[in-house]
Amino acid sequence: AWRDRHIDWNLAQLAPYLQPGGTFLEIGAGDCALASRIARDAKQVYAVDLSDQTQGDVPANVKLVISDGRSIDVPAGSIDLAFSDQLMEHLHPDDAEEQLRNIHRALKPGGVYMCVTPNRIYGPSDISAFFDDEPRGFHLKEYTLREIRAIFLRAGFPRMHVYIGARGRFMRCPAWIAAAFESTLAKLPATWRRKVADTKLVRAMLGLRVAGIKA
């Protein structure tokens, strides 16, 4: 039940860009549960991960692609929509930027990469939260919206859509509003910032859900 609910939430985040008959790419596909669900309506699905973690059979139009964490070994210009959830923060920043350029290469013109990752303002979001103000555990870097915007621009994405929300309900938000809210909280001392940010409303505003659009 938990996995089905998580899939539904991810589908809600992808809904503005997910089109029947398209080609979908998931980076960090894990057990391929989301990839298999999307494969019902997609022409082709690529599931990228560090190892084969599939549980049982997957649909014939799902292809598992093993990666070193940077490579995206799919045909260039073939992807309509790419997606990752809670992945970017696990990569070294240099590797994250290389992976992002490879995702850009894989997308068709006008293709979209939806990236979901924790916001540094309410972090750390790994075990480091119990002993530090910076991620020093499984998360190698957590980003602010401004930092995400900068790395997407360097990778070749001229436009970005920002979404806010939680629990399967998401809406597009002007980037400047989200960035201003983020900047306001960033001025608070770390202890106060984390107390304020540790609420459902603030996390819904700050959670980084961005869609980069390839020119």
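See the structure printed just above.
Conventions and cut-offs
Residues numbered from 1 in each chain as written. Predicted model: local features only at pLDDT ≥ 70, side-chain atom pairs only at ≥ 80, totals over all residues. Heavy atoms only, no water. Core = buried A, V, L, I, M, F, W, Y, C linked by side-chain atoms within 4.5 Å. Buried < 20%, exposed > 50% of the residue type's maximum accessible area, 1.4 Å probe, protein only. Contact = heavy atoms within 4.5 Å. Pairing = 2+ DSSP bridges. Helix = DSSP H or I, 4+ residues; strand = E, 2+ residues; numbered from the N terminus. Salt bridge = Lys/Arg side-chain N within 4 Å of Asp/Glu carboxyl O. Polar contact = N/O pair within 3.5 Å; in protein donor to acceptor, adjacent residues only side chain to side chain.

Draft legend 1. Expanded view of the nonpolar core. If you look at the biggest cluster of nonpolar residues, it comprises 34 residues, and the most contacted ones within it are Leu 25, Ile 27, Tyr 113 and Phe 152. With near-sequence residues (within four places) excluded, Leu 25 lies in contact with Tyr 46, Val 48, Ile 72, Val 74, Ile 79, Leu 81, Ala 82 and Phe 83.

Draft legend 2. Geometry of the pairing of strand β7 (residues 169-173). Across five bridges, strand β6 (residues 159-166) lies against β7 in antiparallel orientation. By the bridge assignment, Ile 164 is partnered in β7 with Met 171. Counting the residues that bridge the hairpin from β6 to β7 gives two residues, and of these Arg 167 lies at a positive phi of roughly 50°.

Draft legend 3. Just the environment of Ala 180, in detail. Assignment of secondary structure puts Ala 180 in helix α5 (residues 175-186). As a C-alpha pair, Ala 180 and Leu 145 span 35 residues in sequence and 9.9 Å in three-dimensional space.

Draft legend 4. Structural view of the pattern of salt bridges. Going through the model one piece at a time under the given rule, you end up with 10 salt bridges. One salt-bridge network, held together by shared partners, links Asp 68, Arg 70, Asp 95 and Glu 98.

Draft legend 5. Examining the side chain of His 161 more closely. Among the secondary structure elements, His 161 is positioned in strand β6. A residue is classified by how much of its surface remains accessible, and His 161, at 11% relative accessible area, is buried. A distance of 3.1 Å separates a polar atom in the side chain of His 161 from a polar atom in the side chain of Arg 172. Sequence-distant contacts of His 161, defined by excluding residues within four places in its chain, comprise Tyr 17, Arg 172, Arg 209, Val 210, Ala 211 and Ile 213.

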